[in-house]
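Residues per chain, in single letters:
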Amino acid sequence: MTIRRATDADWPALWSIIRAVVATGDTYTLEPNVPEQSARDYWTGAGLSTYVAEQNGEIVGTYAIRANQRGLGSHVANAGYMVRSGRSGHGIGFQLGEHSLAVARAAGFEAMQFNAVVSTNTRAVALWQRLGFAIVGTIPKAFRHQQRGLVDLYVMHRML
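Residues numbered from 1 in each chain as written. Predicted model: local features only at pLDDT ≥ 70, side-chain atom pairs only at ≥ 80, totals over all residues. Heavy atoms only, no water.

Novice: With reference to specific residues and values, describe the overall build of the chain.
Specialist: Assigned secondary structure in the chain consists of four helices and seven strands. Ordered by position in the sequence, the α and β elements of the chain form the string β-α-α-β-β-β-α-β-α-β-β. The C-alpha atoms of the chain give a radius of gyration of 15 Å, which matches the 15 Å a tight globule of 160 residues would have. Counting only residues that meet the buried cut, the chain has 43% of its 160 residues in that class. On the chain, roughly 8,300 Å² of surface is accessible, and the fraction owed to carbon and sulfur atoms is 49%. (Helix = DSSP H or I, 4+ residues; strand = E, 2+ residues; numbered from the N terminus. Rg over C-alpha atoms; globule rule 2.2 N^0.38 Å. Buried < 20%, exposed > 50% of the residue type's maximum accessible area, 1.4 Å probe, protein only. Areas by Shrake-Rupley, 256 points an atom, 1.4 Å probe, with all protein chains shown as cover.)

Novice: Requested: an account of the pairing of strand E7 (residues 149-159), with residues and values cited.
Specialist: Alignment of strand E5 (residues 111-118) against E7, held across six bridges, turns out to be antiparallel. Pairing of Ala111 across the sheet is with Met159, part of E7. Here strand E6 (residues 134-145) pairs with E7 via eight bridges, running antiparallel. What sits directly across from Thr138, in E7, is Tyr154. Counting the residues that bridge the hairpin from E6 to E7 gives three residues. (Pairing = 2+ DSSP bridges.)

Novice: Before we move on, could you go through the pairing of strand E2 (residues 49-55) and cite the residues and values that matter?
Specialist: Here four bridges tie strand E1 (residues 2-5) to E2, and the two strands are oriented antiparallel to one another. Bridge pairing in E2 places Thr2 opposite Glu54. Here seven bridges tie E2 to strand E3 (residues 58-67), and the two strands are oriented antiparallel to one another. Counterpart to Glu54 in the pairing with E3 is Ile59. Where E2 folds back onto E3 in an antiparallel hairpin, the turn is made up of two residues, including Asn56, whose phi is positive at roughly 50°.

Novice: I'd love a proper account of the nonpolar core, names of residues and values included.
Specialist: Ile65, Met112, Phe114 and Trp128 are the most contacted members of the largest nonpolar core, which has 26 residues in total. Only E2, E3, strand E4 (76-83), helix H3 (92-106), E5, helix H4 (122-130) and E7 provide two or more residues apiece to this core. Counting residues per element, this core draws most heavily on H3, at five residues. In this structure, Phe114 is in contact with Asn78, Ala79, Tyr81, Trp128, Phe133, Tyr154, Val155 and Met156, ignoring residues within four places of it in sequence. (Core = buried A, V, L, I, M, F, W, Y, C linked by side-chain atoms within 4.5 Å. Contact = heavy atoms within 4.5 Å.)

Novice: Just give me the short version of the sheet that holds E2, but keep the residues and values in it.
Specialist: What the seven strands build is an open sheet, ordered E1-E2-E3-E4-E5-E7-E6; its pairing is mixed. With partners counted over all chains shown, the strands left at the sheet margins are E1 and E6, one partner each. Across the sheet, the mean angle from the axis of one strand to that of its neighbour is 25°, orientation sign disregarded. (Axes fitted to C-alpha atoms, helices over the stretch in contact; angles between N-to-C directions.)

Novice: Got a sec to walk through the layout of surface pockets? Specific residues and values, please.
Specialist: Of the volumes computed, that of the largest pocket is approximately 1,200 Å³. If you trace the largest pocket, you find 47 residues lining it, with Thr27, Tyr28, Tyr81, Asn121 and Ala124 closest to the centre. Residue assignment for the lining of the largest pocket shows that the elements contributing at least two residues are helix H1 (11-23), helix H2 (36-44), E3, E4, H3, E5 and H4. Across the lining of the largest pocket, the residue classes break down as 22 nonpolar, 18 polar and seven charged. (1 Å grid on protein atoms, 1.4 Å probe; cavity = no way out; pocket = protein on both sides within 12 Å on 5 of 7 lines; lining within 4 Å. Points joined across faces, edges and corners; volume = space filled by probe spheres on them. Nonpolar A, V, L, I, M, F, W, Y, C, P; charged D, E, K, R; others polar.)

Novice: Give a detailed account of the packing of aromatic side chains, specifying residues and quantitative values.
Specialist: This structure, assessed with the given rule, holds 10 aromatic pairs. Each ring, one from Trp128 and one from Phe133, has its centre 6.0 Å from the other, and the planes form 70°; the classification is edge-to-face. Taken as a pair, Trp128 and Phe133 share a single burial class, namely buried. Site record: aromatic cluster; members linked through ring pairs are Tyr51, Tyr63, Tyr81, Phe114, Trp128 and Phe133. (Phe/Tyr/Trp six-rings, centres within 6.5 Å; stacked < 30°, edge-to-face > 60°.)

Here is the structure:
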């Protein structure tokens, strides 16, 4: 698998991944029927560095990284990750996570923080914990899960 910077030509593949991931309404705060342009701005807009994981000519995953805050909080990175439907459980998310940590370090970030990890997304929580992240906060009932109703969001953090 190769992980590289995304190009404009990758957008159709990225859109297919994003559309499928957010449509379930169980992992991302984006509305399940997010318009394509809104999704594009969210994933590839100003201030973001977007990467794709490519395997045998197919884009199987992606992440977007940026500063978590402006100004005095800009030394902490933030990132979001998505894996193509049907491809989870094959180590793609782990490799994207490792790659993003290296990119963040190289860019001079001192830490990485995830602001909204859905508590019921146990695979993601376990993945981030394997990569050294800790749950540093819980936001009660902050996510409208499409099947389970209101569930908690976690803030996860690690130093780089």
